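Examining the three-dimensional arrangement
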Amino acid sequence: AAASSSDSDACGAESNEANSKWLDAHYDPMANIHTFSACLALADLHGDGEYKLVVGDLGPGGQQPRLKVLKGPLVMTESPLPALPAAAATFLMEQHEPRTPALALASGPCVYVYKNLRPYFKFSLPQLPPNPLEQDLWNQAKEDRIDPLTLKEMLESIRETAEEPLSIQSLRFLQLELSEMEAFVNQHKSNSIKRQTVITTMTTLKKNLADEDAVSCLVLGTENKELLVLDPEAFTILAKMSLPSVPVFLEVSGQFDVEFRLAAACRNGNIYILRRDSKHPKYCIELSAQPVGLIRVHKVLVVGSTQDSLHGFTHKGKKLWTVQMPAAILTMNLLEQHSRGLQAVMAGLANGEVRIYRDKALLNVIHTPDAVTSLCFGRYGREDNTLIMTTRGGGLIIKILKRTAVFVEGGSEVGPPPAQAMKLNVPRKTRLYVDQTLREREAGTAMHRAFQTDLYLLRLRAARAYLQALESSLSPLSTTAREPLKLHAVVQGLGPTFKLTLHLQNTSTTRPVLGLLVCFLYNEALYSLPRAFFKVPLLVPGLNYPLETFVESLSNKGISDIIKVLVLREGQSAPLLSAHVNMPGSEGLAAA
Amino acid sequence: MSSEMEPLLLAWSYFRRRKFQLCADLCTQMLEKSPYDQEPDPELPVHQAAWILKARALTEMVYIDEIDVDQEGIAEMMLDENAIAQVPRPGTSLKLPGTNQTGGPSQAVRPITQAGRPITGFLRPSTQSGRPGTMEQAIRTPRTAYTARPITSSSGRFVRLGTASMLTSPDGPFINLSRLNLTKYSQKPKLAKALFEYIFHHENDVKTIHLEDVVLHLGIYPFLLRNKNHIEKNALDLAALSTEHSQYKDWWWKVQIGKCYYRLGMYREAEKQFKSALKQQEMVDTFLYLAKVYVSLDQPVTALNLFKQGLDKFPGEVTLLCGIARIYEEMNNMSSAAEYYKEVLKQDNTHVEAIACIGSNHFYSDQPEIALRFYRRLLQMGIYNGQLFNNLGLCCFYAQQYDMTLTSFERALSLAENEEEAADVWYNLGHVAVGIGDTNLAHQCFRLALVNNNNHAEAYNNLAVLEMRKGHVEQARALLQTASSLAPHMYEPHFNFATISDKIGDLQRSYVAAQKSEAAFPDHVDTQHLIKQLRQHFAML
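Residues numbered from 1 in each chain as written. Chains lettered and ligands numbered in written order. Predicted model: local features only at pLDDT ≥ 70, side-chain atom pairs only at ≥ 80, totals over all residues. Heavy atoms only, no water.

If you look chain B up in UniProt, it shows as Tetratricopeptide repeat protein 8 from Homo sapiens. Here is the UniProt Subunit (literature references left out) comment for chain B, exactly as written: "Part of BBSome complex, that contains BBS1, BBS2, BBS4, BBS5, BBS7, BBS8/TTC8, BBS9 and BBIP10. Interacts with PCM1. Interacts with CCDC28B. Interacts with PKD1." (UniProt positions renumbered as here; feature names shortened; annotations may be inferred.)

Take the pairing of strand β30 (residues 497–506) of chain A next. Residue and element names in this part refer to chain A. Counting buried positions over the 10 residues of β30 gives 8, a clear majority of the element. In the sheet, strand β29 (residues 485–492) pairs with β30 via 8 bridges, with the strands oriented antiparallel. Each bridged residue has a counterpart across the sheet, and for Val 491 the counterpart in β30 is Leu 500. By the bridge criterion, 9 bridges tie β30 to strand β34 (residues 544–553) in an arrangement that is antiparallel. Within the sheet, the bridge partner assigned to Gln 505 lies in β34 and is Asn 544. (Buried < 20%, exposed > 50% of the residue type's maximum accessible area, 1.4 Å probe, protein only. Helix = DSSP H or I, 4+ residues; strand = E, 2+ residues; numbered from the N terminus. Pairing = 2+ DSSP bridges.)

Before going further, it helps to spend a moment on a nonpolar patch on the surface. A cluster of nonpolar side chains, Leu 514, Leu 538, Val 540 and Leu 543 of chain A, forms an exposed patch at the surface whose accessible area comes to about 340 Å². Turning to its location among the elements, Leu 514 of chain A is positioned in the loop between β30 and β31 (516–521). (Patch = residues over 30% accessible without salt bridge, like charges linked within 9 Å, V, L, I, M, F, W, Y side chains within 5 Å. Areas by Shrake-Rupley, 256 points an atom, 1.4 Å probe, with all protein chains shown as cover. Salt bridge = Lys/Arg side-chain N within 4 Å of Asp/Glu carboxyl O.)

A separate point is the sheet that holds strand β32 (residues 527–528) of chain A. Across the sheet, which stays open at both edges, the 4 strands sit in the order β29-β30-β34-β32 (chain A) with antiparallel pairing between neighbours. If you trace the sheet from one side to the other, it starts and ends with β29 and β32 of chain A, each paired once. Against the sheet, helix α23 (residues 473–486) of chain B touches β29 and β30 of chain A, its axis set at about 10° to β29 of chain A. (Contact = heavy atoms within 4.5 Å. Axes fitted to C-alpha atoms, helices over the stretch in contact; angles between N-to-C directions.)

So, about the pattern of salt bridges. Tallying each qualifying case throughout the model produces 25 salt bridges over all chains. Two residues, Asp 438 of chain B and Arg 459 of chain A, come together in a salt bridge whose shortest N-O distance is 2.7 Å. Separated into two different chains, Asp 438 of chain B in the loop between α20 (419–435) and α21 (439–452) and Arg 459 of chain A in helix α8 (residues 444–471) make up a pair that spans both. Taking the relative accessible area as the measure of exposure, Asp 438 of chain B reaches 15% and is therefore buried. Owing to a relative accessible area of 29%, Arg 459 of chain A belongs among the partly exposed residues under this scheme. A network of salt bridges, in which partner residues are shared, links Arg 268, Glu 271 and Lys 275 of chain B.

A few words on the packing of α8 of chain A against α21 of chain B. As a packed pair, α8 of chain A and α21 of chain B sit with axes 10 Å apart at the nearest point and diverge in direction by 50°. Between α8 of chain A and α21 of chain B, the crossing angle belongs to the class labelled oblique. As α8 of chain A runs across α21 of chain B, the sense of the crossing is left-handed. For the pair α8 of chain A and α21 of chain B, contact is made by Leu 455, Leu 458, Arg 459, Ala 462, Ala 463, Ala 465, Tyr 466, Ala 469 and Leu 470 of chain A and by Leu 441, His 443, Gln 444, Arg 447, Leu 448 and Val 451 of chain B, respectively. (Parallel < 35°, antiparallel > 145°, perpendicular 65-115°, else oblique. Left-handed = near helix turned anticlockwise from the far one by under 90°.)

Interaxial distance between α8 of chain A and helix α19 (residues 402–415) of chain B falls to 7 Å at its minimum, and their mutual angle equals 30°. When the axes of α8 of chain A and α19 of chain B are compared, the pair comes out roughly parallel. In this structure, the crossing between α8 of chain A and α19 of chain B has a hand that is left-handed. Contacts between α8 of chain A and α19 of chain B involve Met 447, Ala 450, Phe 451, Asp 454, Leu 455, Leu 458 and Arg 461 of chain A from the first element and Tyr 402, Asp 403, Leu 406, Thr 407, Glu 410, Leu 413 and Ser 414 of chain B from the second. Its residues assigned to classes, the contact of α8 of chain A with α19 of chain B comprises 8 nonpolar, 2 polar and 4 charged. (Nonpolar A, V, L, I, M, F, W, Y, C, P; charged D, E, K, R; others polar.)

Below, the discussion takes up the pairing of strand β2 (residues 40–43) of chain A. Residue and element names in this part refer to chain A. Burial along β2 is two-sided: the face carrying Leu 40 and Leu 42 and the face carrying Ala 41 and Ala 43 are both buried. Examined bridge by bridge, β2 and strand β3 (residues 52–57) share 4 bridges and lie antiparallel to one another. Residue pairing across strands places Ala 43 opposite Lys 52, the latter belonging to β3.

Written out as structure tokens, the structure reads:
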């Protein structure tokens, strides 16, 4: 409870973005923690429900390696380490209650196992047979038959020619200045030389149950291109696998006793995938650049490479996608939010960003004051979703994911534009349509011929009708060059008296039209007009001339007829234009 | 043989065979044998029978189905005093059809009528007119007609208005209503019913002839209504007396009273009568009449509920389903309308209206091949007219069955009954010509459409576009002006006018036209762009 209250105190002071998904719980730029993601672990070390952070600290400049355990923002315990830490992991050793997890810290050739934060066991890698020539040289030195300078020359020649590397003692000797050699030889000449390899990476693998709190084995990757699986109780080597290169990142899934899959990213830029029954790699993924991180998200292996990009691979080595980063990737880790079932990859970049990706979709970007070198997400203190970051300058940042925060794919710069996903209202292709296209394919030529024949006939028919219309001037539009005119008629009124309005327009651009006459043709038994024939005034181009006249319906039978309007030119018998006005029935009769 | 046949039986046989004229003539002969009397002799049942038969024959001759046929006069439209709310909520009124566009194709795809509804697949009297907004529109358009272009997509024209009996009775009316003693007839229920139908259907039209000398202007329309009332009164009086005689227990008379009230425009009274009749006896007819009253009162939702209530009593009744579909269609709810039309087809798979409506719906939602199926079905059912072939031709063209296209149009042209139909066929042929890129043919076709129908606004518009492409700006503008004055509800002429004015630099006119176009079709993107552009222009100056 103390940790969470201090968290919330700090968050009030530091929070700057209201809409951020994260609460700033703690930021200490002077925390003096220099480490990588592999050396961070979160665990309930005392079994009291309060999760602590275990840091294998390299120390400033890699000089003073230390094991630090943090509770909240404070360092709880601190103890020096004999060598630089390679990896930290927490795991359950046995089934007994209380199930407090053990802490394993790989450092040099040893794995130091702590229980309850007390040293419990030290596992050392098995010794390797030393080079007989080297052994012989040191034996001579022991008997003082060889001076340090000759020893150095001999050792250097062995180093260059022999396949097996030299022992640590010899290597250290080679580093020394001339003045120090004498003392070093005197001090160490009595010791028998040992050759041991060192641990490069470590992870845990469930022994026989897939549960969250099942007993786990430690999996070690060593400098001599081997993978070792250790028994969790007796710390004996259960399995040994060899690789073509030195493993640097490990990802494991499955259970040791049942079936497991091991992916090891190696220094030669390849990722090797091994299975339970194979002593040698089953698949190999050849990267085009050195890997900087390897994370498994569900069934996808996400690899960060030195080419500033993330790649997704299936567990059989098939490449799924690639995402380009704006800067070099410094570190990667898994973000697993159990409450929402979310698994995503976090990548710390050299430009001070931490990006969170689900597959290739960017979920969130966190800006940090310094480049982040290690990342860890999980339960810390009593808070479920906490993100712990350490920076290049030794700072410590702790952020808490808001409980209401939901990661949604922003799609800001990756993926297709949103318009592409919009569904258009395209009608379904019906079976009928498919049948018709089939018919078209089969009888295309015949259809085309039929259409062309019909088209010729239609053209003829249209031309005939058009000519007839022109000859009898049935059209309300005149197209002759001299009198381009347009006529349309409107009838208004309920009857028996109607108003007939003719709209006459000269559609030429410049020339006015003079000397036009309008004539009405109608059944005199049905209608009577005051003027059946009148002159049209001069028509100015572009203006609409409404010419009004009254029509009286004489019929009492509700019969209506057509009135023909003719526009004539003075001195010509053929009309220029004509319009047929369908007279309405007199409403006086229809309504009653 | 026939001379020996009992005349009344023969007349009855004629009546059964729907040879009404012969039947009526025979009855007249029989009645002439007895001294001409207004009323049948009660002692002579044969005469009484002949009298009823003649009345029924004369009625049948001019009988129109009151339910289907309903054309609103101008007075009903413009002097509507039943309007309840001036601005009804969306989806509750037939007057604001544009408000609820539920998933149907947009105006750019499916043309609309003057009232703003998508054109229907089946021409009914009320689908054409709608309610005009202004008096000028009311006076002009629905009567000189042909401005709204419903014909191209309609397959049957079922306008059968009761104008038949104008010249049928040369020797004076069969029954002189003014001399009728209605009280006496109401005592004899069988006679009364025949007499009522005669008065209602037959005399209604005959009487109108007597109004010949009325000089009619809008101002004296109430006077005309009064005369009309007089006739209806006869029917109504008889109905009222008969109801009284049957101690208000005869639903038939109540329905008839309701019908009279409806004709007189007294919708609330009609509603009461129909409701009371429904309480006594539930009949499909009564439901339909009552729904019609609600539609007249502009309460489509109530009418829909009523139809659904009716469907509970008469499940699967085609006329009720069809009524629902029509109301949905009028409310622009095309998807629901199509659903109910499909229901109709499940019950009656030869229902012309349903097939035509579903067909045109498919056509306008980009599935011409399915529409083709429906129209073919109509053809198989024996409907053989120009409109159907017109539609078939269009469907064939858009479904890429080119070999059938022009043949269908050819048939449509030769089957066209009047010039308007021919105009529509030419118009569609113009579209085909545009489709194959033959502008010359297209030009001729549109011109021919105009020759056949001088008020074809669409043809004016398309012709203007062709002129515009030729560079004849003045002509194009004149044509577009005509088109927009003929059919102000179409957005295309306004928009085209705006574009062409914009091109020649007449920004003011362009702006005015663009605003009209926006009023006609608010969602038209190109218009919005144009208006935005013009506003920027104006702001720059």
